[in-house]
Number of protein chains: 2
Amino acid sequence: MSTRAPRDASVHRRGGRGRRMGRRPSGSGDTRARILDAARQAFGEHGFDGATLRDVATRASVDPALIHHYFGSKQRLFVAAIELPVDFAVTVPALVGGPPDRLGERFVRFVLDLWGRPEVRPLVLGLLRSAATDPVARAMLRRLLEQGPLVALAGALDRPDAPLRASLAGSQLVGLMMARFVVGVEPLASVDRETVERAMGPTIQHYLTGDLD
Amino acid sequence: MSTRAPRDASVHRRGGRGRRMGRRPSGSGDTRARILDAARQAFGEHGFDGATLRDVATRASVDPALIHHYFGSKQRLFVAAIELPVDFAVTVPALVGGPPDRLGERFVRFVLDLWGRPEVRPLVLGLLRSAATDPVARAMLRRLLEQGPLVALAGALDRPDAPLRASLAGSQLVGLMMARFVVGVEPLASVDRETVERAMGPTIQHYLTGDLD
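Residues numbered from 1 in each chain as written. Chains lettered and ligands numbered in written order. Predicted model: local features only at pLDDT ≥ 70, side-chain atom pairs only at ≥ 80, totals over all residues.

Moving on to the overall build of chain A. Along the backbone of chain A there are 11 helices and 0 strands. Mapped in sequence order, the helices and strands of chain A form the string α-α-α-α-α-α-α-α-α-α-α. Counting across all 213 residues of chain A, residues that qualify as buried make up 42%. (Helix = DSSP H or I, 4+ residues; strand = E, 2+ residues; numbered from the N terminus. Buried ≥ 20, exposed ≤ 12 C-beta atoms within 10 Å, placed from the backbone.)

Shown next, in the form of structure tokens:
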């Protein structure tokens, strides 16, 4: 299978960066990133089941064969696409470091910031939408919630039942995402971020640090 | 048994033409109920998009034509199937009537009871799964959360921002359903009900009655 990029240079530009289409090696990182970006958009709109490699290829302006070259399969592309661009070794200490009684609010703010990033929003939306019906996406979301940042954060707080605390907080975040962004439940869908942070901060605080009995 | 039960009549009026159905077999109420039951199962397993009228017919052991006869379309069947079998005029006062500081816990218990009922569980699961990708199901879930029991409950408490409170609480319930039943996030998916009630009660309490600022 050829690894050469398609010839039509007109479809290869994004964000005004003109790129040469001749020999590939120097641009391969960009191509991979562009495919990931397109995959997040496609998964976000159509879910894992509905998104097609052809659609991803079109959005990324590459030949579908190139996606196979880089990722091997739709599932592996999905796995790569949902990797959060966050270094939790840095994030968790920063979150834990502030005033202890506002930890929940800081975490909600952090999550809303993260979801607000254009490369993250479609990814999380796609994962949620797919998880509702697709077993692969469901397993990924489960892994994210059972082994991801919330677990690291709950663990760093040195309270009993850290895994349960993490999964309770995770359930509220999943619900927030569903209600605010997927289903659009008013007025939660359109109140400003600060309102969400203030209202939901105590919930996350309760789950992570409060008395669960 | 009457050949023109009121519920059947209302369904036919919803068709918009007020058409008469002619003579009905005396078991028509049962048949309708069996179709609804089968629809909840099918929607629960496959979502609105994935469920087929043929599958519903097979589960209900009826001819597909009979589904058309009773419900007219898949969407109208869906609308009828997701109607919660709960009388909120009774439920809300009962919930509000107990000790005020345990309202949240009572509501979580009520919801877990409701979801535990075999005719409700697949219905709610189906609605959630479908809502992730299907606009019709999304609109129904939105309506349930914007005009359903939580809004009645929040309104009965006479606190400011009742709609926001209802949507916040709704987001936690959606998240609980997703995490515990759809995605299976451990340990939340397998802890006993009492643990969920105790842990999540204060959250609903906070949303419905607490200080949101």
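So, about the relation of the copies chain A and chain B. Superposition record for chain A on chain B: RMSD 0.1 Å, screw rotation 180°, translation along axis 0.0 Å. The symmetry that links the two subunits is that of a two-fold axis. Taking C-alpha positions as reference, the residue of chain A nearest the rotation axis is A:Gly175, located at 1.8 Å. When the interface residues of chain A are mapped onto chain B, 98% of them are again interface residues, pointing to one common binding face. (Least-squares fit on C-alpha atoms with pLDDT ≥ 70 in both. Contact = placed C-beta atoms within 7 Å.)

Taken together, the contacts link 40 residues of chain A with 39 residues of chain B. Where the side of chain A that touches chain B is concerned, the elements lending two or more residues are α1 (28-50), α7 (121-131), α8 (135-147), α10 (162-183) and α11 (193-209) of chain A. At 15 residues, the largest contribution of residues to the side of chain A that touches chain B is made by α10(A). Considered class by class, the residues forming the side of chain A that touches chain B number 22 nonpolar, 11 polar and 7 charged. (Nonpolar A, V, L, I, M, F, W, Y, C, P; charged D, E, K, R; others polar.)

All names here are of chain A. As assigned here, chain A comprises domain 1 (9-81) and domain 2 (88-209). Of all the elements in the fold, those that place two or more residues in the side of domain 1 that touches domain 2 are α1 and α4 (74-81). Looking at the side of domain 1 that touches domain 2 element by element, the count peaks at 8 residues for α1. Taken together, the residues that form the side of domain 1 that touches domain 2 break down as 5 nonpolar, 4 polar and 3 charged. (Domains from an automatic or database assignment.)

It is worth spelling out unusual backbone geometry at this point. Residues and elements named next belong to chain A. Residue proline 187 is reached from glutamate 186 by a cis peptide bond, and omega for that bond is 0°. Examined against the element boundaries, proline 187 turns out to sit in the loop between α10 and α11. Unusually for a residue other than glycine, serine 61 sits at a positive phi of about 55°. Looking at where serine 61 falls in the secondary structure, it is placed in the loop between α2 (53-60) and α3 (64-71). For serine 61, a count of 19 C-beta atoms within 10 Å puts it in the partly exposed group.

Before going further, it helps to examine helix α9 (residues 135-147) of chain B. Helix length check: α9(B) (13 residues) gives 18 Å between terminal C-alpha atoms against 18 Å at 1.5 Å per residue, within 8%. Regarding α9(B), the residues found buried are B:Ala137, B:Arg138, B:Met140, B:Leu141, B:Arg142, B:Leu144, B:Leu145 and B:Glu146. (Expected span 1.5 Å × (residues − 1).)

All names here are of chain A. Taken N-terminus to C-terminus, the directions of helix α6 (residues 103-116) and α11 make an angle of 125°; their axes are 6 Å apart at the nearest point. Comparing the axis directions of α6 and α11 gives the class oblique. Judged by the sense of rotation from one axis to the other, the crossing of α6 with α11 is right-handed. Along the contact surface, α6 presents Leu103, Gly104, Glu105, Phe107, Val108, Arg109 and Leu112, while α11 presents Arg193, Val196, Glu197, Arg198, Met200, Gly201, Pro202, Thr203, Ile204, Gln205, Leu208 and Thr209. Considered class by class, the residues forming the contact of α6 with α11 number 9 nonpolar, 5 polar and 5 charged. (Axes fitted to C-alpha atoms, helices over the stretch in contact; angles between N-to-C directions. Parallel < 35°, antiparallel > 145°, perpendicular 65-115°, else oblique. Left-handed = near helix turned anticlockwise from the far one by under 90°.)

Now for the nonpolar core. Ranked by size, the top nonpolar core spans 118 residues in total, and within it A:Leu128 and B:Leu128 carry the most contacts. Excluding anything up to four places from it in sequence, A:Leu128 contacts A:Val174, A:Met177, A:Met178, A:Val182 and B:Ala132. (Core = buried A, V, L, I, M, F, W, Y, C linked by C-beta atoms within 7 Å.)

As a further point, take helix α7 (residues 103-116) of chain B. All names here are of chain B. The terminal C-alpha atoms of α7, which comprises 14 residues, lie 20 Å apart, in line with the 20 Å expected from a rise of 1.5 Å per residue. Those residues of α7 not exposed but buried are Leu103, Gly104, Glu105, Phe107, Val108 and Val111. Packed against the buried residues of α7 are α6 (88-97), α10 (149-156), α11 (162-183) and α12 (193-209).

The next thing to look at is the environment of B:Leu168. Assignment of secondary structure puts B:Leu168 in helix α11. Separated by 30 residues in the primary sequence, B:Leu168 and B:Arg198 have C-alpha atoms spaced 18 Å apart. Not counting residues within four places of it along the chain, the set of residues in contact with B:Leu168 comprises A:Leu188, A:Ala199 and B:Tyr207.

All right, on to the confidence of the model for chain A then. Averaged over all residues, the pLDDT of chain A is 82; the fraction at 70 or higher stands at 86%. For residues 1-26 of chain A, every residue scores under 50 in pLDDT, and the model assigns this stretch 25 contacts once sequence neighbours within four places are set aside. (pLDDT = per-residue confidence, 0-100.)

The next point concerns the environment of B:Ala39. Residues and elements named next belong to chain B. Here alanine 39 is to be found in helix α2 (residues 28-50). Sequence separation between alanine 39 and alanine 51 is 12 residues; the distance between their C-alpha atoms is 8.1 Å. When near neighbours in sequence (up to four residues on either side) are disregarded, alanine 39 contacts Val56, Leu77 and Ala81.

Tracing the chain through its elements places B:Gly175 in helix α11. Exposure remark for B:Gly175: the 26 C-beta atoms within 10 Å place this residue in the buried category. Separated by 54 residues in sequence, B:Gly175 and B:Arg121 place their C-alpha atoms 15 Å apart. Those residues in contact with B:Gly175 that lie beyond four places of it in its chain are A:Ser171, A:Gln172, A:Leu173, A:Val174, A:Gly175, A:Leu176 and A:Met178.

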